[in-house]
Every structure is written in structure tokens, then in C-alpha cells.
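Overview (structure and organization)
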Amino acid sequence: MAQPADRLYTKSHEWIKIAGDEAAVGITEYAQEQLGDVVFVELPPVGKALAKGGVLGNIESVKAVSEVFAPAAGSVAAANAELESHPELVNQDPYGKGWLVKLKVAAGAAAGLLDAAAYEKFLAEEGAH
Amino acid sequence: MSETGLKRTPLFECHLESKGKIVPFAGWEMPVQYTGVIEEHRAVRTAVGLFDVSHMGEIDLLGRRALDFVQLVTCNDATKLTPGRAQYSGLMTKRGTFVDDLLVHKFSDDHYFLVVNAANKDKDYAYLLAQAADFDGVQVVDRSDEWAQLAVQGPKAIEVVQPLTPVKLGEIKYYRFVEGTVDGAKAIIARTGYTGEDGFELYVRPEDAPRLWRKILAVGKPFGIVPCGLGARDTLRFEACMPLYGNDIDDTTTPLEAGLAWIVKLEKPNFLGREALVRQQAEGIHRKLIGVEMVGRGIARHGYRFFAAGKDVGPVTSGTHSPTLGKALAMGYLPVEMAAPGSMVDVAIRDQKVAAKVVETPFYRRAK
């Protein structure tokens, strides 16, 4: 599957779209497909400082709970309040309306992340379709 | 067997055809979902769904003392069964706890047909063999490889299956079964299920199963049938508060604690676990399987803990977001003094304590 080229990815299947010192974060199409029907999203409070790779929140499907990790260090500038009443947006539009948080990030936030082509290659190597 | 060492049901190819997402479960490769748990769940509540439950175990008890043996190893009263009736029961340890929960079908005085959980089949079979060793007049035969099982569940189940069988399905009452044919294949047709809806469980020969699966999906299409995986099976049984072995009941819990006193017939003179259950009945139970609704935001899950006044008071045994009721619900054990509906308790969810309220069970009951 083709991933949007306007953002970066992690091997734990999050995406981050960096614009200056602000970055939107969500989970990938592959991640939402693996989770199944999302019924609850737990997001951090605004102002919370996150370490790169730290737990950003939890996404619950009917079947299970999955942690979401911060692709970059930053403080939470906004959380997607729409997900409180419409968690299914994570399934329906993971790269758009299903975004999770916006982070205030420092320069160099992109370090160590995968671009779309590298993430696609990673998915292929993992045997994901 | 696949290269992973996991077993496959005769319907494995059908699951791939239907784009099922395959997961390991109790030693089997099973579909957890096809289109999505919620969609499959809703189909069963409002129309009809088709499940492969061929992983379930089937064990025959044969011989002149088959009834006596059933009476010894299970807590319900099998003398109440006449040929063609089935009964929910418990296979009991001497401590009055569950080796397994099961369905006991009576074919005749010398033939009872047990349907047991996939995860417990080998354990159950070994347990039954051990009990039968010093018991004259019964033979225990594991038939699990000789039966495939398809469950057609939902308010439209009868309309989907009826065109495929000469048996008058409307005449089979709940928890009864007949031997007949479905799409020409020899079948046991039982009006049973694990979803809280009307429906049928069809036991057929493995070689007939794939054709029947495809046929039922084709015939069911105008009724909105969808194939359903283990995910929907779990959420459906959960809303109906049907216990799941390994979650809500196990060999540390008794039927009295699990709210299943109705399957315990202490007036039976002798059965495994009877003494322990008589004692527990007399002394009163200390904990009880209850249902809660989350008041705060969060979903309680199997393995989480209940807290009251900062103290751990028991386990959550099953929990999810109920697709039918649209809220987070859970089952678990609480001390009896906290078990009344309306009682408040906390659930530890990750690093937070989230409020929950004890509610009446089952969460969902179909309109009759």
C-alpha cells in the first residue's frame, strides 16, 4: 500500500507530519487494520512532555489495547477531541481526521525516522500486505 | 496441521476465501474477524452470522452405564434429559470447580454426546478417561476429528437453514437437537448457541463442511449473512454474560460463585465436587461473578483488578466496549458484600483508578 509521502514513520507504525516546530501524530493504515474496530482512544493531556519512544497514549479496539509511542520528543500542544465521541475515525481516516495529537517539537525531530519509501519497504520485509 | 504446528479446521480454505484474519487460538489457526468485529456482531444481533466452531471438542460416552457416568462427572442432572435434548453443565473437580463447562446431548440411555471447549479438550478427555478407568460400563471416545461444527446464529438463522433441510426447524425447541440432513449432508441440528440469539449449531462430517459453509453463505446472502470470527463470538457471548472458560470460570471457581447455581443439582446423591459444593452452599459464597458498567472513561479488560477503598478486591474476568449497548462493560469477581447492583467499585486501568458500577446481568437479553 502507498503511504503518504508528506510525513515520516516509525517501525511501531506511527506517523508524524512535521511543520516547523509543530508536528501532527497518528497511527498508520497498517496499524489501524491490525487493531480492528477502534472503540476508545486515550490521549495525553495538553502540556505533557513526551520522550521520543515514550508512551503517547492507548488505542483500544473491541479485542485489545495497544500502546502508541511518540515518534519524536515534544510537549503535547493539542489532542484530537473528536476521537472521544468518534474513535472510529482512527479506522476510517488514519492519516487525516483520525490524527491523535499535535506536538511542539524541537529541531532535529525527524532524526531516525523512516520516509514513506523506507516504511513501505519495512512493511514488505515484515510480511505485511 | 500447518507449518506452525497449529491445527486447522476443515474450513481453513473457506476462511482465506472470505478474507478472514487468521490468529492462533487454543492450538488452532482460527479467523478472529473477516470484515470487522462490530459489523459481524451487529449482523448476528439483527440478521444472521455464520461461525466456524469446528475447533470445539466432541466426546462420546457410550455403554450401559453412560448415564451413571455423566451423573458422576457433571453437576447438572442428566436424568432430566430425554433423547434429543441438550443441557448446559459443568465437568467438575473434586473441589467443586470447573474442569470445563460443556453441553451434554442425550441420544439414548447408552449414548451421550459432550461438546467441550477447544482449549480444554485434551484435558477433559484425559480426565474422563481417568474417571472411567475404575467405572464399569462406560466407554469414552474422542470424536473431535470426526465432526466439523458450523454455528448459524441470529434472528434470521432459521430462514437461512430451513431451505437446506427437510427437518422442520420450527419444531426444534431451544436446547433440543435432531439428526437429519443439511444440503444433503448428514448432520446433527441443535438449537443451541453462544451468542444470546436464536440459532443452530450444525455438526457435520469434516468433508461436508466446506460445501455447506459456502452454501449457507450463498443462501444467507439475501438475509444479510456474514461470516463471523472469534472476535464477534466473544463480544456476543460477553453481552449475554455467557461465561468463557479461562476468563470467567476455571478450575479455581465454582458454579455457585459464577452465578451458575441453576446447573448445580445438589439433590443428586453423588457427583464429583458435590461435597465441596454442599459445604459452600451451606457456608455461603464469599465472592460472586458480577457485571459492571464503566462510569469513568476507560475499558476494563480480562486480568485487570477491582479496587475498593484503595484495596484490591478481585479480578476483572472479561471486558470490552459493548457493540450493542454502546458502552464499556465488564464481568468479574467481587466480594458478595460489594456485589449488589448499584454498588460502586474502581477498576485499575494502567496508572488510573476508573469508577464502575455493578449492574444487573445479563447485559443483553434478546426480545422473545
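Here the structure is a predicted model, which means the values were calculated and not measured.

**A short note on the overall build of chain B**
Helix and strand counts for chain B come out as eight helices and 20 strands. Radius of gyration (C-alpha) of chain B: 21 Å, near the 21 Å computed for a compact globule of 368 residues. Each principal axis of the C-alpha distribution contributes one length, and for chain B these read about 60 × 50 × 45 Å. A separation threshold of at least 6 residues defines the contact pool for chain B, and within that pool the share at least 24 residues apart is 66%.

**Quick notes on the overall build of chain A**
Check the secondary structure of chain A and you find four helices and nine strands. The order of α-helices and β-strands along chain A, N terminus first, is β-β-β-α-β-β-β-β-β-α-α-β-α. What you see for chain A is a C-alpha radius of gyration of 14 Å, in line with the 14 Å of a compact globule of 129 residues. When the backbone C-alpha atoms are referred to their principal axes, chain A occupies close to 35 × 35 × 20 Å. In chain A, buried positions account for 47% of the 129 residues. Considering only intrachain contacts with a sequence separation of at least 6, the fraction spanning at least 24 residues in chain A is 63%.

**Side note on the environment of Ala 66 of chain B**
All names here are of chain B. As for its position among the elements, Ala 66 is in helix 3 (residues 66-73). A residue is classified by how many C-beta atoms lie within 10 Å of it, and Ala 66, with 23 of them, is buried. For the pair Ala 66 and Glu 29, spaced 37 residues apart in sequence, the C-alpha separation works out to 33 Å. If near-sequence neighbours (up to four positions away) are discounted, Ala 66 is found in contact with Leu 61, Asp 109, Asp 110, His 111, Tyr 112 and Val 138.

**Things to note about the nonpolar core**
Core analysis: the largest hydrophobic core is formed by 140 residues, its most contacted members being Leu 150, Val 152 and Ala 300 of chain B. Residues contacting Ala 300 of chain B, with those up to four places away along its chain left out, are Met 294, Val 316, Gly 319, Ala 328, Ala 330, Val 347, Ile 349 and Ala 356 of chain B.

**So, the packing of helix 2 (residues 37-46) of chain B against helix 7 (residues 230-239) of chain B**
All names here are of chain B. It is at 8 Å that the axes of helix 2 and helix 7 come closest, and there the two elements cross at 55 degrees. As judged from the angle between their axes, helix 2 and helix 7 are oblique. The crossing of helix 2 and helix 7 is right-handed. Packed against helix 2, whose contacting residues are Val 37, Glu 40, His 41 and Val 44, the element helix 7 presents Gly 231, Ala 232, Thr 235 and Leu 236 at the interface.

**With respect to the sheet that holds strand 2 (residues 14-19) of chain A**
Residues and elements named next belong to chain A. If you trace the six strands from one edge of the open sheet to the other, you get 1-2-3-9-8-5, paired in antiparallel fashion. Two strands bound the open sheet, and with one partner strand each, they are strand 1 (8-9) and strand 5 (49-50). Summarising the sheet, strand 8 (residues 74-79) and strand 9 (residues 101-104) pair through four bridges and their orientation is antiparallel. Across the sheet, residue Val 76 finds its bridge partner in strand 9, namely Leu 103.

**Thoughts on the interface of chain A and chain B**
Counting from both sides, the interface comprises nine residues of chain A and, opposite them, 12 residues of chain B. Every element with two or more residues in the side of chain A that touches chain B is listed here: strand 4 (38-42) and strand 6 (55-61) of chain A.

**Points about the pairing of strand 8 of chain A**
Summarising the sheet, strand 5 of chain A and strand 8 of chain A pair through two bridges and their orientation is antiparallel. Of the residues in strand 8 of chain A, the one forming a bridge with Ala 49 of chain A is Ser 75 of chain A.

**Regarding the environment of Leu 50 of chain A**
All names here are of chain A. Note on placement: Leu 50 falls in strand 5. The class of Leu 50 is buried, set by 22 C-beta atoms lying within 10 Å. In this structure the C-alpha to C-alpha distance between Leu 50 and Glu 14, which are 36 residues apart in sequence, comes to 15 Å.

**What to know about the pairing of strand 5 (residues 57-62) of chain B**
All names here are of chain B. Inspection of the sheet shows strand 5 paired to strand 8 (residues 111-116) by six bridges, in the antiparallel sense. Pairing of Asp 60 across the sheet is with Phe 113, part of strand 8. Sheet topology places strand 5 next to strand 9 (residues 139-142); four bridges connect them, and they run antiparallel. Paired with Ile 59 across the bridge in strand 9 is Asp 142.

**What to know about the sheet that holds strand 4 of chain A**
All names here are of chain A. Spatial strand order, 4-6-7: three strands in an open sheet with antiparallel pairing. The open sheet has two edge strands with one neighbour each: strand 4 and strand 7 (65-69). Neighbouring strand axes in the sheet, compared pairwise and without regard to direction, differ in orientation by 25 degrees on average.

**Observations regarding the confidence of the model for chain B**
Scored by pLDDT, chain B comes out at a mean of 97, with 99% of its residues at no less than 70. Model confidence for the complex: the whole-complex pTM is 0.94, and ipTM, which rates the interface, is 0.86.

**Here's the deal with the environment of Val 140 of chain B**
All names here are of chain B. Inspection of the secondary structure assignment puts Val 140 in strand 9. Distance in space between the C-alpha atoms of Val 140 and Ile 59 is 7.0 Å, their sequence separation being 81 residues. The contacts of Val 140, once residues within four sequence positions are left out, are Ile 59, Leu 61, Tyr 125, Leu 128, Leu 129 and Ala 132.

**Overview of unusual backbone geometry**
Residue and element names in this part refer to chain B. A cis amide bond links Thr 361 to the next residue, Pro 362, at an omega of -5 degrees. In this structure, Pro 362 sits in the segment after strand 20 (352-359). For Asp 183, which is not glycine, the phi dihedral falls at a positive 50 degrees. Within the element layout of this structure, Asp 183 appears in the loop between strand 11 (177-182) and strand 12 (185-190).

Cut-offs used in this document
Residues numbered from 1 in each chain as written. Chains lettered and ligands numbered in written order. Predicted model: local features only at pLDDT ≥ 70, side-chain atom pairs only at ≥ 80, totals over all residues. Helix = DSSP H or I, 4+ residues; strand = E, 2+ residues; numbered from the N terminus. Rg over C-alpha atoms; globule rule 2.2 N^0.38 Å. Contact = placed C-beta atoms within 7 Å. Buried ≥ 20, exposed ≤ 12 C-beta atoms within 10 Å, placed from the backbone. Core = buried A, V, L, I, M, F, W, Y, C linked by C-beta atoms within 7 Å. Axes fitted to C-alpha atoms, helices over the stretch in contact; angles between N-to-C directions. Parallel < 35°, antiparallel > 145°, perpendicular 65-115°, else oblique. Left-handed = near helix turned anticlockwise from the far one by under 90°. Pairing = 2+ DSSP bridges. pLDDT = per-residue confidence, 0-100.

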